[in-house]
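# Coordinates in review
Each chain is listed here by its residues.
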Amino acid sequence: MQRNGVETDDFTLGSVISSCANLASLEEVAQFHCQALVSGLISFITVSNALITLYGKCGSMEDSYQLFVQMNTRDEVSWTALLSGYAQFGKANETIDLFERMLASGLKPDGVTFIGVLSACSRAGLVEKGLQYFESMIKEHGIIPIPDH
């Protein structure tokens, strides 16, 4: 696209970043991040969310967190992306703390959010806490469990 002079928009950059999520190295994430900054597309929530996810999948939770706190607006996807990164790398306390902050901010978790929280509890041996979250997922949030839960 760039070679042909086609301008990248937030949807395109977010989609490209998301499609590379399982393949990217930290160097590639940094390149995407720079492109988002230079183009001004970092201000779009879809682009920032994709970068948070990508940093998380590469294990760079500090970069993921820094981008999260710099966002002007965060949605459920923003919180879930960061939370899932923490959960993936065994940071149960950070996962639970972020989940509680998400709830306190008035946002509603979805099934993917709960997969991250329950995974973190499981990995850390927090069986009772995990059971409490599982029950709240069903009773308070109306989410029907799937095998991943």
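Above this text sits the structure in question.
What comes next concerns the included structure. (Residues numbered from 1 in each chain as written. Predicted model: local features only at pLDDT ≥ 70, side-chain atom pairs only at ≥ 80, totals over all residues. Heavy atoms only, no water.)

## Regarding the environment of N49
Looking at the secondary structure, you find N49 in helix α3 (residues 45-57). For N49, a relative accessible area of 7% gives the class buried. Through-space distance from the C-alpha of N49 to that of S64 is 9.4 Å; in sequence the pair is 15 residues apart. For N49, the residues in contact, after removing those within four places along its chain, are M71, D75, V77, S78 and A81. (Helix = DSSP H or I, 4+ residues; strand = E, 2+ residues; numbered from the N terminus. Buried < 20%, exposed > 50% of the residue type's maximum accessible area, 1.4 Å probe, protein only. Contact = heavy atoms within 4.5 Å.)

## A few points about the environment of I96
Looking at the secondary structure, you find I96 in helix α6 (residues 92-104). Its relative accessible area of 12% is what places I96 among the buried residues. Each C-alpha atom of the pair I96 and K129 lies 9.5 Å from the other, and the pair is 33 residues apart in sequence. When near neighbours in sequence (up to four residues on either side) are disregarded, I96 contacts C121, L126, K129 and Y133.

## A short note on the pattern of salt bridges
Applying the stated criterion across every chain, the model contains one salt bridge. Here D97 and R101 are joined by a salt bridge, their closest N and O atoms 3.7 Å apart. Taken together, the positions of D97 and R101, both in helix α6 and four residues apart, correspond to about one turn of that helix. A relative accessible area of 34% means that R101 is categorised as partly exposed. (Salt bridge = Lys/Arg side-chain N within 4 Å of Asp/Glu carboxyl O.)

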